[in-house]
Amino acid sequence: MSSSAEQPAEPQSSEALAERRHMYVIDPENPGELARLTMQERIITEGMGGLFPEGLTLPPEARVLDLACGPGGWVLDLARAYPDAEVIGVDISPAVVEYATVQAQTRRLANASFQVMDVTEPLAFPEAAFDLVNGRLLSGFMLPAAWPRLVAEGYRLLKPGAVLRLTEGELSLTTSPTLSALHELGTRVLKMAGRSFSPDGRHVGITPVLPRLLRQAGFQQVRLHATAIEWSIDTPAYYGLFKDCLMGLELIQPFLLGTGLIEREKLQRQMQQALAEMQQDDFCAIWTLVTVWGQKPTASSPA
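These notes cover the structure that comes with them.

Cut-offs applied
Residues numbered from 1 in each chain as written. Predicted model: local features only at pLDDT ≥ 70, side-chain atom pairs only at ≥ 80, totals over all residues. Heavy atoms only, no water. Salt bridge = Lys/Arg side-chain N within 4 Å of Asp/Glu carboxyl O. Helix = DSSP H or I, 4+ residues; strand = E, 2+ residues; numbered from the N terminus. Buried < 20%, exposed > 50% of the residue type's maximum accessible area, 1.4 Å probe, protein only. Axes fitted to C-alpha atoms, helices over the stretch in contact; angles between N-to-C directions. Parallel < 35°, antiparallel > 145°, perpendicular 65-115°, else oblique. Left-handed = near helix turned anticlockwise from the far one by under 90°. Contact = heavy atoms within 4.5 Å. Phe/Tyr/Trp six-rings, centres within 6.5 Å; stacked < 30°, edge-to-face > 60°. Lys NZ or Arg CZ within 6 Å of the ring centre and 35° of its normal. Pairing = 2+ DSSP bridges. Core = buried A, V, L, I, M, F, W, Y, C linked by side-chain atoms within 4.5 Å. Nonpolar A, V, L, I, M, F, W, Y, C, P; charged D, E, K, R; others polar. Right-handed = clockwise from strand over helix to strand, strands pointing away.

## Quick notes on the pattern of salt bridges
Okay, so step 1: Enumeration over the complete set of coordinates arrives at eight salt bridges.
Okay, so step 2: Arg 36 serves as the salt-bridge partner of Asp 244, at 3.1 Å between the closest nitrogen and oxygen. One end of the pair, Asp 244, is in helix α8 (residues 238-251); the other, Arg 36, is in helix α2 (residues 31-48), and 208 residues separate them in sequence.
Okay, so step 3: Taking the shortest distance from any N to any O, the salt bridge between Asp 131 and Lys 159 comes out at 3.2 Å. With Asp 131 in strand β4 (residues 130-136) and Lys 159 in strand β5 (residues 158-169), the pair connects residues that are 28 residues apart, well separated along the chain.
Okay, so step 4: You can call Lys 159 partly exposed: its relative accessible area is 28%.

Set out below in structure tokens:
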């Protein structure tokens, strides 16, 4: 008989999921956020150099789980590239999951599916069910205390020898003084809200912590792969990340204003100024992402 730790978690109630969605920095049910994430997914995959720029490989008929999958772009791309794999995306937003499901049906990707789940809680899958567990840019909703639980859950869900892969980044470095000030405000607010690993609120602070989180959970052969996406003006990534930045600033306004650190009029003036600076001929910007992955030991042992 299986132990209780090996049983899949109970399905998460719709009430609990709705309450959790209100804790997001940006409302995941906002149609504008769905549009932004759809565009951002494509930019990240292209900017990183593909689905697995680190050289990871999947076994035949692999089972893959994508955490907080959003509109499902990575899931759909992987399902197309690996038609014998089963790729499952989970997200807290029913509207986003419905959108992703329709996309899979429209593209006739029967090996891609989506379910509503909160990745900060135990997931309704049995132990050792997946060959790869993936997550990208989860820090927009993860509290520091939730990260060890998520990594431990990834460990539980993986088959021996399988891989947990997480990609996170800090805010872009740019030559726009006003955008830099807005980024500083954002990271300071995250620190005040208890959502940051940064000791002083200057950064989100997740990227240097990820490798240690995996090692503490019992993962072996923990490795890193860095990606730098340049979006200076007149570069291929400029327009996409320029639009992503503007949409993100607009959508995050309620979170920033709720702290009382800045008034609405001043925030809107700064956004307009940042818009002007980002369109200057000498505007330069770079966004750095770090992918960390580790392998569950082949000899099954508790994390």
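## Here's the deal with the packing of helix α6 (residues 177-192) against helix α10 (residues 264-278)
Okay, so step 1: Look at α6 against α10: their axes get within 7 Å of each other, and the N-to-C directions meet at 135°. Considering the angle they form, α6 stands oblique to α10. Viewed along their axes, α6 and α10 form a crossing whose handedness is left-handed. Contacts between α6 and α10 involve Pro 177, Thr 178, Leu 179 and Leu 182 from the former and Leu 267, Gln 270, Met 271, Gln 273, Ala 274, Glu 277 and Met 278 from the latter.

## Re the packing of aromatic side chains
Okay, so step 1: This model, assessed by the stated rule, comprises seven aromatic pairs.
Okay, so step 2: Measuring from ring centre to ring centre gives 5.4 Å for Tyr 238 and Phe 242, while their planes differ by 20°; the resulting arrangement is stacked. With a gap of four residues between them, Tyr 238 and Phe 242 both fall in helix α8, about one helical turn apart. Accessibility classification places Tyr 238 together with Phe 242 in one group, the buried group.
Okay, so step 3: Geometry around Phe 130 places Arg 63 over its ring, the cationic atom sitting 4.8 Å from the centre.

## Points about the pairing of strand β8 (residues 285-295)
Okay, so step 1: For β8, the tally of buried residues reaches eight of eleven residues, placing the bulk of the element in the interior.
Okay, so step 2: Here β5 pairs with β8 via seven bridges, running antiparallel. If you follow Val 163 over to β8, its bridge partner there is Gln 295.
Okay, so step 3: Judged from the two bridges that link them, strand β6 (residues 173-174) and β8 form a sheet pairing that is antiparallel. Paired with Thr 174 across the strands is Ala 285, a residue of β8.

## A look at the nonpolar core
Okay, so step 1: Within the largest apolar cluster, 69 residues are counted, with the highest numbers of intra-cluster contacts made by Leu 65 and Trp 231.
Okay, so step 2: Ranked by residue count, the leading element in this core is α8, at seven residues.
Okay, so step 3: Cys 69, Val 75, Ala 85 and Ala 112 belong to the second largest nonpolar core, which has 23 residues in total.

## Focus: the packing of α8 against α10
Okay, so step 1: It is at 11 Å that the axes of α8 and α10 come closest, and there the two elements cross at 175°. Regarding the angle of α8 to α10, the classification is roughly antiparallel. Of the residues in α10, those in contact with Tyr 238, Phe 242, Cys 245, Leu 246, Leu 249 and Glu 250 of α8 are Met 271, Leu 275 and Met 278.
Okay, so step 2: Tallied by class, residues from the contact of α8 with α10 come to eight nonpolar, no polar and one charged.

## Looking at the environment of Pro 71
Okay, so step 1: Positionally, Pro 71 belongs in the loop between β1 (63-67) and α3 (73-81).
Okay, so step 2: A sequence separation of 74 residues divides Pro 71 from Ala 145, and the C-alpha atoms of the two residues are 26 Å apart.
Okay, so step 3: In this structure, Pro 71 is in contact with Leu 34, Leu 37, Thr 38, Glu 41, Val 96, Tyr 99 and Ala 100, ignoring residues within four places of it in sequence.

## A short note on the pairing of strand β3 (residues 112-116)
Okay, so step 1: With five bridges connecting them, strand β2 (residues 86-91) and β3 associate as parallel partners. Looking at β3, one finds that Asp 91 is bridged to Val 116.
Okay, so step 2: Handedness of the crossover joining β2 and β3 through helix α4 (residues 94-106): right-handed.

## Regarding unusual backbone geometry
Okay, so step 1: Notably, Arg 108 is not glycine yet its phi reads approximately 60°, a positive angle.
Okay, so step 2: Tracing the backbone through its elements, the reader meets Arg 108 in the loop between α4 and β3.
Okay, so step 3: A relative accessible area of 79% means that Arg 108 is categorised as exposed.
Okay, so step 4: For Asp 234, which is not glycine, the phi torsion reads 75° and is therefore positive.
Okay, so step 5: Along the polypeptide, Asp 234 turns up in the loop between β7 (220-230) and α8.
Okay, so step 6: The exposed category is assigned to Asp 234, whose relative accessible area is 73%.

From the geometry alone we can't say anything about function, so treat these as descriptive.
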